[in-house]
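Chain by chain, the residues run as shown.
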Amino acid sequence: MTVVQESPAASSADAEAEVLGLYRAHLSKGRATLAELFGSHMEVASEGAWLTTSDGERFLNAGGYGVFVMGARHPIVMEEVERQLRTHPTATRILLEPTVARAAEALVSVLPPGLDRVHFALSGAEAVETGLKLARAGGFKRTVSMRGGYHGKTLGALSATAKEVYQRPFRPLVPDFLHLPFGDADALEAELASHPGEVCVILEPVQGEGGVIIPPKGYLKRVEELVREYDGFLILDEVQSGFGRLGEWWGADIEGVVPDVLLAGKALGGGVMPVSAAVATRKAFRPFDKDPYVHTATFSGQPVLMAAVQGAIRAVKEERLVTKALDLGARLLPAITEIARRNIPDLVVDVRGRGLLIGVELVEAGLAGELLIELFNHGVVANHSMNGSSVVRFTPPAVLGDTDVDFLLNSFDLATRDLVRGAAKMPEGGN
């Protein structure tokens, strides 16, 4: 009897089809359709700046929405997490537990002075909710966020996320939220002056999901000054921009801003665990100090998560990843700009960035989607921007080596050339 052996390629294709079917059956039909646009590839392994699919292909990960500042499975983070897994991964939350105390101390050590009270959570949206609740508990009943800003999709966070398509199905949202133009200090002053002592302001140092929108120089400092002048409350959302992504520990450091609450997340778990945090001044944190049960979560500060935080901070410090992010950004931004201007001058609107948060804005959203696919075809994973649909966003890790940088730039060169060919084949007036 002849035994027919299934080839690895056939086996991989069968597995991908099975998983795609499970997505359709149990997760999201829309997500399954999106996966098909990228060839239904299935990621199964990762290390450093690279991920591997089930069929053995490797892709440079310049996406991940800001999670992978230190790449995937960084050895320092893995060492801390594996040690905690072997001893005490989950705590009762009744007794004292040392890893959460040490993680809080480590996080405070790299934050602007005065921010020394920490509430840990899992997602960025949870951190946003914590900040908003601190503001409300402190008597600040009106909230100002910025157009194009992104703060998450839970009900309170969504009220701050000024995007019609996300808000519409869930209205009415939390009342007394106002959205103002990002970068317009005069509009903010008018609102603060109209309601002194009542307004919480939440914003990002750079709007990542907005399409890498960088405010005018001095804007963040002016926001802080206005909030103090009119007795307001300032929340700086650094879930994506923080932890070295901008070439500084925090966007707050660029202009010497100290908010009432700073929100951290994404890279805070070292690319291994889901962790976020709201870090506040003692005054802002007072409502939570009075009653330890007024704002809690079962998995807040669990030991295995806190081990990841300690490992992430160690990795950034020991490998000088903040400086590396600054240096890599200074190398990548002009090179990406030059390639875009050379290859797609009629299709690109702007290339902008700070550190390792870089956006390429196309003339229309459809072209951004096409560029993402072309990048993928040439071995690079990048991201779209949820509030800036015409922007392709690069958030590569700070552990890129010279060959990785060359690969990224060469792939972008090839992808933009292919984008031009594809655009030339489109019928006039459509896509």
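For the structure itself, look to the data block above.
Summarised in this report is the structure supplied together with it. Just so it is clear, the structure is predicted and the values come from calculations on it, not from any experiment.

This part takes up the overall build of the protein chain. Per the secondary structure count, the protein chain includes 15 helices and 15 strands. For 431 residues, the compact-globule formula gives about 22 Å, and the C-alpha radius of gyration of the protein chain, at 22 Å, lands near that figure. The proportion of buried residues among the 431 residues of the protein chain is 51%. Long-range contacts, defined here as pairs at least 24 residues apart, represent 72% of the contacts in the protein chain between residues at least 6 apart. Total accessible area on the protein chain stands at roughly 19,300 Å², and carbon and sulfur atoms take up 54% of it. Charge centroids of the protein chain, computed over 42 positive and 54 negative side chains, lie 4 Å from each other.

Attention now goes to the packing of aromatic side chains. Within a pair of aromatic rings, the relevant descriptors are the distance that separates the centres and the angle that separates the planes. Summed over all chains, the structure comprises 10 aromatic pairs. Ring geometry for Phe140 versus Phe233: centroids 5.2 Å apart, planes at 45°, classification tilted. Of this pair, Phe140 sits in the loop between helix H5 (124-137) and strand S5 (142-146) while Phe233 sits in strand S8 (residues 233-237); the two residues are 93 residues apart in sequence, bridging distant segments of the chain. The residues Phe140 and Phe233 share a single accessibility class, namely buried. A ring pair is formed by Phe285 and Phe288, whose centres lie 5.5 Å apart and whose planes are at 75°; its orientation type is edge-to-face.

Time to look at the sheet that holds strand S1 (residues 43-47). Taken together, the four strands give an open sheet; going across it, the order is S1-S2-S3-S13, and neighbouring strands pair in mixed fashion. Across the chains shown, the open sheet's two edge strands, defined by having one partner strand only, are S1 and strand S13 (380-381). Two strands pair when backbone bridges link them, and strand S2 (residues 50-53) and strand S3 (residues 58-61) are joined in this way by three bridges, in the antiparallel orientation. Bridging from a neighbouring strand, Leu51 pairs with Phe59 of S3.

Residue Pro172 is reached from Arg171 by a cis peptide bond, and omega for that bond is 5°. With respect to the element layout, Pro172 can be found in the loop between helix H7 (164-167) and strand S6 (177-180). A positive phi angle, close to 55°, is found at Tyr65, a residue other than glycine. The class for Tyr65 is partly exposed, based on a relative accessible area of 24%. Within the chain, Arg93 stands out as a residue other than glycine whose phi angle is a positive 70°. By the secondary structure assignment, Arg93 is in the loop between helix H3 (75-87) and helix H4 (98-108).

Bringing the pairing of strand S9 (residues 261-264) into the picture now. Neither face of S9 is exposed, since Val261 and Leu263 on one face and Leu262 and Ala264 on the opposite face are all buried. Of the strand pairs in this sheet, S8 and S9 are connected by three bridges, and their pairing is parallel. Its bridge partner lying in S9, Asp237 is registered against Leu263. As defined by bridge partners, S9 adjoins strand S10 (residues 276-280) across four bridges and the pair is classed as antiparallel. Paired with Leu262 across the bridge in S10 is Val279.

Another aspect to go through is the sheet that holds S9. Sheet architecture is open: seven strands sit in the order S4-S10-S9-S8-S7-S5-S6, paired in mixed fashion. Of all the strands in the sheet, just strand S4 (117-121) and S6 have a single pairing partner and so form its edges. Averaged over all pairs of adjacent strands, the angle between their axes in this sheet comes to 20°, without regard to strand direction. Looking at chain direction, S4 and S10 are connected through five bridges and run antiparallel. Its bridge partner being in S10, His119 is matched across the sheet by Ala278. Strands S4, S8, S9 and S10 of the sheet are contacted by helix H11 (residues 282-290), whose axis makes an angle of about 60° with S4.

Across six bridges, strand S11 (residues 348-354) lies against strand S12 (residues 357-362) in antiparallel orientation. When the sheet's bridge partners are listed, Gly353 is paired in S12 with Ile358. Hairpin connection from S11 to S12: two residues lie between these consecutive antiparallel strands, with Gly355 at a positive phi of about 60°.

For the rest of this paragraph, the subject is the environment of Ala157. Tracing the sequence through the fold places Ala157 in helix H6 (residues 155-160). Ignoring anything within four residues of it in the chain, the contact list for Ala157 reads Ala125, Val128, Glu129, Leu132, His151 and Gly152.

What follows is about the pattern of salt bridges. Counted under the stated rule, the structure contains 24 salt bridges. Residues Arg83 and Glu79 are paired through a salt bridge, measuring 3.0 Å at the closest nitrogen-oxygen approach. Pair noted here: Arg83 and Glu79 are both in helix H3, with a separation of four residues, about one helical turn. Owing to a relative accessible area of 38%, Arg83 belongs among the partly exposed residues under this scheme. With a relative accessible area of 35%, Glu79 lands in the partly exposed category.

We now examine the packing of helix H8 (residues 185-194) against helix H9 (residues 219-229). Where H8 meets H9, the axes come as close as 10 Å, and the angle between the chain directions of the two elements is 10°. In this view, H8 runs roughly parallel relative to H9, as classed from their interaxial angle. Here Ala185, Leu188, Glu189 and Leu192 of H8 come into contact with H9, specifically with Tyr219, Arg222, Val223, Leu226 and Val227. The residue inventory of the contact of H8 with H9, partitioned by class, reads seven nonpolar, no polar and two charged.

The subject of this paragraph is the nonpolar core. If you look at the biggest cluster of nonpolar residues, it comprises 89 residues, and the most contacted ones within it are Leu107, Val201, Leu203, Phe243, Trp250, Leu362 and Phe394. Looking at which element gives the most residues to this core, the answer is helix H12 (residues 303-318), with nine residues. With residues up to four places along the chain from it excluded, the contact list for Phe394 reads Ala62, Ile336, Leu356, Leu357, Ile358, Val360, Leu375, Ala382, Leu408 and Phe412. With 22 residues, the next largest nonpolar core counts Ala125, Phe177, Val239 and Phe288 among its residues.

It is worth spelling out the side chain of Thr53 at this point. Relative to the helices and strands, Thr53 is located in strand S2. A residue is classified by how much of its surface remains accessible, and Thr53, at 4% relative accessible area, is buried. Beyond its immediate stretch of four places on either side in the chain, Thr53 contacts His41, Met42, Glu43, Val44 and Phe59.

Reading the values: rules and limits
Residues numbered from 1 in each chain as written. Predicted model: local features only at pLDDT ≥ 70, side-chain atom pairs only at ≥ 80, totals over all residues. Heavy atoms only, no water. Helix = DSSP H or I, 4+ residues; strand = E, 2+ residues; numbered from the N terminus. Rg over C-alpha atoms; globule rule 2.2 N^0.38 Å. Buried < 20%, exposed > 50% of the residue type's maximum accessible area, 1.4 Å probe, protein only. Contact = heavy atoms within 4.5 Å. Areas by Shrake-Rupley, 256 points an atom, 1.4 Å probe, with all protein chains shown as cover. Lys, Arg positive; Asp, Glu negative; His and termini not counted. Charge placed at Lys NZ, Arg CZ, Asp CG, Glu CD. Phe/Tyr/Trp six-rings, centres within 6.5 Å; stacked < 30°, edge-to-face > 60°. Pairing = 2+ DSSP bridges. Axes fitted to C-alpha atoms, helices over the stretch in contact; angles between N-to-C directions. Salt bridge = Lys/Arg side-chain N within 4 Å of Asp/Glu carboxyl O. Parallel < 35°, antiparallel > 145°, perpendicular 65-115°, else oblique. Nonpolar A, V, L, I, M, F, W, Y, C, P; charged D, E, K, R; others polar. Core = buried A, V, L, I, M, F, W, Y, C linked by side-chain atoms within 4.5 Å.

Structural measurements only, silent on function.
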